[in-house]
Amino acid sequence: MERLPMPASWSRVILRLKVSAAFSEQDLRARLEALGYDLDDEADYPGGALFHGKTFEIFPAGALGPFRVEHSGRMIRRIVAFDPIKHDIVFETKELLIDPMSERLAFGKVRGKRSTLFDYCGRAKWIADAGVSAHADSWLSTIEEAAARADREREYLGRREWKQATRRMNVLSQKASFVPTPDFSQVVSPRKALRAFVDETRRAGSRLVFVAAQDDDLRVIERMSGLKVERFADWNETTTGLNREAALLADFDRGFVVPGRKPLVVVTASDVLGSRAHHPQALARSWNAAFDHSDVPEQGTAVVHLQRGLALLDGLQTVATGGGSSREMIRLVFAGGDAVLVPPADLTLIWPYASERGELTLDKADGSTWWARRTEAEHEIQVAGKQLSKHISQRRRRRAPKLVPPGPIYERFVARFPYFTTVDQAKAIRDVLDDLASGHPMDRVICGDVGFGKTEVALRATAAVVMSGKQVAIAVPTTVLARQHVGTFRKRFAPFGIEVGSLSRTDPGAETREVKERLKSGKLKVVVGTQALASKDVKFAGLGLVVIDEEQHFGTTEKARLSGLAKSVHALWMSATPIPRTLAGGLAGFRDLSVIASPPIHRLPVVTKVAPLSDAAIASALLREQRRHGQSFLICPRIQDLDPMLARVQSVAPDLRIVCLHGKLPADDIDDRMMSFVEGAADVLLATNIVESGLDIPRANTIVVCWPERFGLAQLHQLRGRVGRSGIRAFAHLLTDSDSERSEKRLAVLEEFNRPGAGFAISARDLDLRGAGDLLSERQSGHVQVFGPVLYSHLLKLASEKADDRTAHLWVPDLNLPVGDMLPAGYVQSEAVRLEIYGRVARCRCEDELDDLEEETSRRFGRLPPAARDFFAAARLRIDCRRRGIIRLDVGLDAVAATFLPGRLRKSKGRSLQRDGDRVVYISNGREGPLRKVEEFLDLLNE
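A brief look at the structure comes next.

### Overview of the overall build of the protein chain
Here comes step 1: Looking only at helices and strands, the protein chain has 31 helices and 39 strands in total.
Here comes step 2: By the burial criterion, 50% of the 943 residues in the protein chain qualify as buried.
Here comes step 3: Excluding contacts between residues fewer than 6 apart, the proportion of contacts in the protein chain whose partners are at least 24 apart in sequence is 71%.
Here comes step 4: Of the accessible surface of the protein chain, which amounts to about 44,400 Å², a share of 50% is contributed by carbon and sulfur atoms.

### Describing the environment of Cys881
Here comes step 1: When you line up the elements, Cys881 lands in helix α30 (residues 866-884).
Here comes step 2: Residue Cys881 is classed as buried on the basis of its relative accessible area of 1%.
Here comes step 3: Note: C-alpha distance between Cys881 and Asp814 (67 residues apart in sequence) is 9.2 Å.

### Details of the environment of Arg492
Here comes step 1: The topology assignment puts Arg492 in helix α16 (residues 479-493).
Here comes step 2: Spatially, the C-alpha atoms of Arg492 and Phe417 are 8.5 Å apart, while their sequence positions differ by 75 residues.
Here comes step 3: Look past the residues within four positions of Arg492 in its chain and what remains in contact with it is Phe413, Val414, Arg416, Phe417, Glu456 and Leu459.

### Considerations on the sheet that holds strand β37 (residues 895-900)
Here comes step 1: Reading across the sheet, the five strands line up as β35-β36-β37-β39-β38 and stay open at both edges, with mixed pairing between neighbours. The open sheet has two edge strands, β35 (814-816) and β38 (913-916), and neither has a second partner. Taking each pair of neighbouring strands and ignoring which way they run, the sheet shows an average axis angle of 15 degrees.
Here comes step 2: Alignment of β37 against strand β39 (residues 919-923), held across five bridges, turns out to be antiparallel. Note that in β39 the partner of Thr899 across the bridge is Arg919.

### With respect to the pattern of salt bridges
A side chain of one charge can pair with a side chain of the opposite charge if their charged atoms are brought near each other.
Here comes step 1: Counted by the stated rule, this structure contains 42 salt bridges.
Here comes step 2: With its nearest N and O atoms 2.9 Å apart, the salt bridge here joins Glu856 to Arg840. Highlighted residues: Glu856 in helix α29 (residues 847-861) and Arg840 in helix α28 (residues 831-843), separated in sequence by 16 residues. The two residues Glu856 and Arg840 agree in class, both being buried.

Calculation rules
- Just so you know, the residues in each chain are numbered from 1, in the order the chain's sequence is written.
- With pLDDT at 70 or above as the cut-off, local features in this predicted model cover only qualifying residues; side-chain atom pairs require 80 or more to be listed or tallied, and sums for whole chains, interfaces and linings still use all residues.
- The basis for the side-chain values is all heavy atoms of the structure; hydrogens and waters are excluded.
- Each helix is a run of H or I in the DSSP string that is no shorter than four residues. Each strand is a run of E no shorter than two, and both are numbered from the N terminus.
- Classification of residues uses two cut-offs on accessible area relative to the type maximum, computed with a 1.4 Å probe and protein chains only: under 20% is buried, over 50% is exposed, and between them is partly exposed.
- Pairs of residues are marked as contacts when any of their non-hydrogen atoms sit within 4.5 Å.
- Areas reported as accessible are Shrake-Rupley estimates using a 1.4 Å probe. Residue values count occlusion only from the protein chains shown.
- What makes two strands pair is DSSP finding at least two bridges between them.
- Here the axes come from fitting lines to C-alpha atoms, over the contacting stretch only for helices, and the angles between their N-to-C directions go from 0 to 180 degrees.
- When a carboxyl oxygen of Asp or Glu lies within 4 Å of a side-chain nitrogen of Lys or Arg, that pair is called a salt bridge.

This is the structure we're talking about:
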């Protein structure tokens, strides 16, 4: 309904890149910046552009994925679309259109004529659903009520224009016949019902078409139907073929019958598999950067060097090595400002410690202050590893009811979810259902950002348990969230005759007593409540599952009580920003971990701005949202801040309608005020962080947080998640009057992690800053503080899998090669990216991993130059030396010498080898290159 720029105006702002066209990086940078792109930002999200040597990557605003442009000699050579995770090429194109990040740029400064969608589709044939006219009439009425006539006519399509447009439309009749195929997933025996239907269809002489979005689903349908059918490329081929049965890869959500002399019967994966059918979503991407190479240290962060201790990774430094050659080294800064240069291969020994230095005490460069702490921590990790191994073993031995819901009723429950699940959400649901059916107690953490669908996971887990005859308790930290969950759960379970009870301090006494009685007798199957659920007088007849939502808001004591409630039953923990201890426990394997990192389709990043606190800043943000007919949250940290803030806002913006809310109000007042805001009776909700959890108000797309330094990072991220849930660009203004450098750094984290799915990254940063504590006791500091959370999780996992394993296995062969062991800066221009590749190479444990990384590097930055090929060859050699136990390899003009770990040098028959203890020397008579000499030497060792 909104007006658009004139079609002709796009030619002014769209940037066209063509193969064989001239290329100038300087000009392109300037034009992309003018179009609103973030330069020097990874192209893993719309608006990102990153330049490297002979390539650059960009994610155009209107594209489904990023593109890589290769250039040389000031000319564009190649344009490809690529997968941002695996860097695989998706397709190649000759031309790329780069549109602006906002259509406002196409409007320009002229307040002239604007266009409509119909102007863009002049020759299109329009077909409208029967309900479109009534829906459009409702929207037009809303626009007329909300905006003044001048604004309305300028910004939106009017009734007269809509009426003219509908004359060109073919409106489908409401009485048109639609014959659906049966929903086999909701019957007791889907296989038997499908085979009977197939037999009936064949006897009637109808043509049968199986349709699924993925080949795996088609194979399942074939297996269940007992038929093997031919695949066709498109709908026309499928429907005009001579075969009685056919198959097509497409994403239909329901089957149907096309009537005719020989009816066409379409059976879809959804009909047969129900909620297990796959539905790829082109615009839904897994933005899970929080997990990509999390063990690779970054420039400017605190790191732990296993042989020297804590340091700051200052960056890369090129040093001359003689003979006109040079190599790149990593500069580590230790206590007293002492700097040490180590080769990139040493990244095997260097692990991320913390993203912020904070109050860290760095070690001395010689490691003298480090070894005592490391030795003690290693011993503690061995003990903790054995405990963890024992804990996991005990969990696997413990029994719990195998809960598998009856297919028909469960599928009917799932069918009431009005959206397709995202990729990660579907996986989390499968993980939970598998846990419930395993016969062992589930102990799983679901980490998913605000609004990413954790509640639907909990709803399906609850349905599976209740439909298997057991009870479910859902614990939430606040009464506001409890009331919202009660409403959500009752709405979904009401059609199935399943009641949902409530237990919190705001419930009337008589109602609370009745709920407790019905839980004890088993008549009530689902209850939602606060920590009151863990009271001694709350008894269950057959508890099967405990769900702890927003786990980060429960204290240690409360969690212990809730864990006691979940003893020997299934437990599901959910959080957008899990506390460090919970996160570390999931990463180390203490609990199972599922992460929902893919945002809903069209979810945009919330624009996050940190600015000084002032009346003008507050009023500007709130009035801007009011002008676009939206609503705002205005958040203060304390109840006593609300009245003064109300007076301040009313003095500078008297036209704003404001409603106040805080937790000390009576429950009825909270509900009344909240509903008045939800229904649009107010422009601004002035509140404490009572609104932090659970609220979903699509019209609210601005949040202003005053004195944000008084909130935790996770709280601020949760608050920010109250806006931006409707596909409209949302804004979060963090207004501070603190001039503390530490406070600025904390708030900068929110600006840095502003993308959908940032909750995990923020929790990981919190884990950096605070540490995880001892996972197996109540201590809040321990050996994790020595090694840092990433290395700690790695070592703990090793210790739990092999109790006698220590950090001694983490060593690096010392290669003395006359080749440049580095990536040329002209090939990979970004120092941060070179450091990332060095780190990933150092983490490779086999040649296959290294081959994949080498291939990825050539795809990203173009064909490898000789120096880059030598770099990967040296890395491959380092892996081989490590496998053979060679701790030092020296390669000169005439000889190769290798020093082995004690006992690792085998006897060799090679005549050219000279042995001296654990050292062996090979005298080369040829003039081959250094790497060829090494190959000959290794061949002789193999004899």
